[in-house]
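# Structural features, examined
Read off the chains here:
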Amino acid sequence: MILQLAFPSYQSEEAAREVDTYERLNKRNGIRRGYFFLFQLLSRKNRDFKVPTILSHSRSPGGLRKLIHFGYKLSALSLTLIIGTPLMTESLHAEQKPVVVTPSPVKVIDYQTGLGLTGWHVETQDIPVLTISLCFRNAGDKNDPEGLAGLTEFMCGMLDEGAGPYNSGNFKALLLEKNIRLAISQNSDSVFITLRSTKDNIKDLFDILTMILMTPRFDEDAVARVREQILTSLNQSLHSEGQVASDTFNQQAFKNHPYGRSTKLEIEGIKKIKREDIQKYLKERLARDQIKITSAGDLSINELKNYLDIALKDLPEKAVASKVKDIEPVYTGDITVVPMDIPQSLILFYQPGIKRHDKDFYAAYVLNKILGDGGFKSRLWDEVRENRGLAYGIDSDLRWVQHTEYMLGSTATANANAGQVVEIIREQWRKIKENGVTHKEKDFVIERLTGAFPLGFSSTPHIVGLLNNYQQDDLEANFINKRNEMMRSVTLDDLNRLAKNLIQPDKLSFIIVGKPEGLPQSKGSKR
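Below is a summary of the structure that appears in this document. (Residues numbered from 1 in each chain as written. Predicted model: local features only at pLDDT ≥ 70, side-chain atom pairs only at ≥ 80, totals over all residues. Heavy atoms only, no water.)

Right, let's get into helix 7 (residues 151–158). Extensive coverage of helix 7 is indicated by the burial of eight of its eight residues. Among the residues making up helix 7, those that are buried are L151, T152, E153, F154, M155, C156, G157 and M158. Contact partners of the buried residues in helix 7: strand 4 (181–186), strand 5 (190–198), helix 10 (220–237), helix 12 (263–272) and helix 13 (275–285). (Buried < 20%, exposed > 50% of the residue type's maximum accessible area, 1.4 Å probe, protein only. Helix = DSSP H or I, 4+ residues; strand = E, 2+ residues; numbered from the N terminus. Contact = heavy atoms within 4.5 Å.)

Looking now at the side chain of T413. Relative to the assigned elements, T413 resides in strand 10 (residues 404–414). Excluding residues within four positions of it along the chain, T413 makes contact with Q344, S345, I347, L390, A418 and V421.

At N179, a position not held by glycine, the phi torsion is positive, near 55°. Locating N179 in the fold gives a position in the loop between helix 8 (168–177) and strand 4. We note that F218 has phi near 50°; this positive angle belongs to a residue other than glycine. Along the chain, F218 turns up in the loop between helix 9 (202–214) and helix 10. Residue F218 is classed as buried on the basis of its relative accessible area, which comes to 2%.

A separate point is the environment of N167. By the secondary structure assignment, N167 is in the loop between helix 7 and helix 8. It is 9.5 Å that separates the C-alpha atoms of N167 and P216, two residues lying 49 residues apart in sequence. Residues within four places of N167 in sequence aside, it is in contact with E161, G162, R217 and D219. Reaching out from N167, the side chain makes a polar contact with the backbone nitrogen of N170 at a distance of 2.9 Å. (Polar contact = N/O pair within 3.5 Å; in protein donor to acceptor, adjacent residues only side chain to side chain.)

Before going further, it helps to spend a moment on the nonpolar core. Counting residues in hydrophobic clusters, the biggest one holds 62 residues, and the most contacted among them are F349, V366, I425, W429 and I480. Top element by residues in this core is helix 15 (residues 361–372). It accounts for nine residues. Membership of the second largest hydrophobic core comes to 55 residues, among which are I184, M211, L231 and I301. (Core = buried A, V, L, I, M, F, W, Y, C linked by side-chain atoms within 4.5 Å.)

Considering the arrangement of structural elements, one finds S295 in strand 6 (residues 291–297). Here the side chain of S295 touches H121 through a polar contact of 2.8 Å, side chain to side chain. Once you skip the residues sitting within four places of it in the chain, S295 turns out to touch W120, H121, V122, L130, T131, I132, L304, V464 and L467.

Right, let's talk about the sheet that holds strand 9 (residues 394–401) for a bit. Ordered in space as 7-11-8-10-9, the five strands form an open sheet in which the pairing is mixed. In this open sheet, the two edge strands, each paired with only one partner strand, are strand 7 (335–339) and strand 9. The mean inter-strand angle of the sheet, taken between neighbouring strand axes irrespective of direction, is 20°. In the sheet, strand 7 pairs with strand 11 (residues 509–514) via five bridges, with the strands oriented parallel. Among the inter-strand pairings, V337 is bridged to a residue of strand 11, identified as I512. Each of strand 7, strand 8 (344–352), strand 10 and strand 11 touches helix 11 (residues 241–253); the most contacted strand, strand 8, lies at about 25° to it. On the sheet, helix 15 packs against strand 9 and strand 10 and is oriented at approximately 160° with respect to strand 9. (Pairing = 2+ DSSP bridges. Axes fitted to C-alpha atoms, helices over the stretch in contact; angles between N-to-C directions.)

A word on the packing of helix 16 (residues 379–386) against helix 17 (residues 418–435). Between helix 16 and helix 17, the least distance of the axes is 10 Å, while the angle of their chain directions is 150°. What the angle tells us is that helix 16 and helix 17 run roughly antiparallel. Along this stretch, helix 16 crosses helix 17, giving a crossing that reads as right-handed. Only I424, I425, Q428, W429, K431 and I432 of helix 17 make contact with helix 16, whose side of the interface consists of R379, L380, E383 and V384. Here the contact of helix 16 with helix 17 is built from residues that sort into six nonpolar, one polar and three charged. (Parallel < 35°, antiparallel > 145°, perpendicular 65-115°, else oblique. Left-handed = near helix turned anticlockwise from the far one by under 90°. Nonpolar A, V, L, I, M, F, W, Y, C, P; charged D, E, K, R; others polar.)

Here we come to the sheet that holds strand 5. Spatially, 1-2-6-3-5-4 is the arrangement adopted by the six strands of the open sheet, whose pairing is mixed. Whereas interior strands pair on both sides, the edge strands pair on one side only; in this sheet they are strand 1 (109–112) and strand 4. With strand direction ignored, the average angle separating the axes of adjacent strands in the sheet is 15°. For strand 4 and strand 5, the ladder comprises six bridges, and the chain directions are antiparallel. From the neighbouring strand, A183 faces strand 5, where its bridge partner is T194.

For the rest of this paragraph, the subject is the packing of aromatic side chains. As enumerated under the stated definition, the model contains 16 aromatic pairs in all. Between F361 and Y365, the aromatic rings sit 5.9 Å apart at their centres with planes inclined by 35°, giving tilted as the arrangement. Linking F361 with Y365, this pair stays in helix 15, spanning four residues, or about one helical turn. For the pair Y470 and F479, a centre-to-centre distance of 4.7 Å together with 65° between the ring planes defines the contact as edge-to-face. In terms of burial, Y470 and F479 fall into one category: buried. It is R356 that lies over the ring of F361; its NZ or CZ is 4.1 Å from the centre. (Phe/Tyr/Trp six-rings, centres within 6.5 Å; stacked < 30°, edge-to-face > 60°. Lys NZ or Arg CZ within 6 Å of the ring centre and 35° of its normal.)

Okay, structure coming up:
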């Protein structure tokens, strides 16, 4: 389940979760994980790819955002277009005074309804729409019962397949008629329901929210159809190097933990799931005490609170307690090779990370961007792509979810070059630990990260996405207005002190899928 874990959609400081898509995050269409299309893209000799074609294969909507969140941030040109800031190599060397961008404050209302529901709301009277996202914490697939792996995914796949008096086809027609966009998704930790509509249809939006939570149909024909779609997608993914790498990472790093299950285990679970299992899980997990709400749009706070209390009053008050424990990933410090007859080797590399609430989090964030940002300029990018042309892209990122955290990087290269790429990565790990970073690198990264941030305020979906990120991280409602200041407070001393403590070459672990050649001998490379 690497996409729900290693690449959680909400863990980004540069870009909000994209929630203004019309189609639901449909896990049963297209490629299994929405991850390995990046690796397929890397194998193309023609770099003039068409972004819309690529995005159509992702299992999740908002595909350009996913290029930022998943893997390398390979499409650097697209990233430049998204964030509107100079990322080209020469920008690092330009002698110019950094421009300090101070976005206008966003007024975030931190509220509690009469029913006890809590949330954050931004009232935007100049935009006649409402975007609202409900996060059900501790409802993600980490809680799937023993033997029923895939139950959460199955449930999310069923929630827009009919509700109340509407069967699947009529329900989708209702959404079209009322101009309501519905997205239902899940990751390892949470389930998300996001709706968006015009001001004229806000009552219909909340009526539909009530229907899908309180009177979902789970018709037998829909259950059979969704089961077949999920199984088809899962079985196809078994032949993907990206999914093989994902499963290997999960099982190696999180053995005997819910984060560590495999696609094969999920296939067996999906086959066994019954309609009654879905109904039971819905009642046990989607409860009022687990809801976190973010919203933005043309709706007063009093109107919002009233709509929410009416829409959600019949939900169970408390969810069944989650029993999932925190876990420290296993770091072998070695190379694990999974043979596959493909022309390029897919390489994942990972090491210990940092907790989201650590006082050095933003120093770690900036340090990682200097080391492995995939957007046209970082040390790994320079050494692997620019100087040697060994890969189209390379990236490393901080990853944090509810029960663990780590650093994870990825790239793909010709089989013959795999050993060289591994050595370059290890060398850059050693150099940044021993020698630290420069003022120029620090200023460049901080200028880019703070300059891009205000673009997240450009629409209600973007605002909701940012608030959703911070709410899930248990930050304060006004954090959106403090983030840039915290980023700029990072000093060179902070970075170089942290480089010696955070960067751990001895724990840097590799997973390689393909037919890699020239791998260095380590303390027991695994094949």
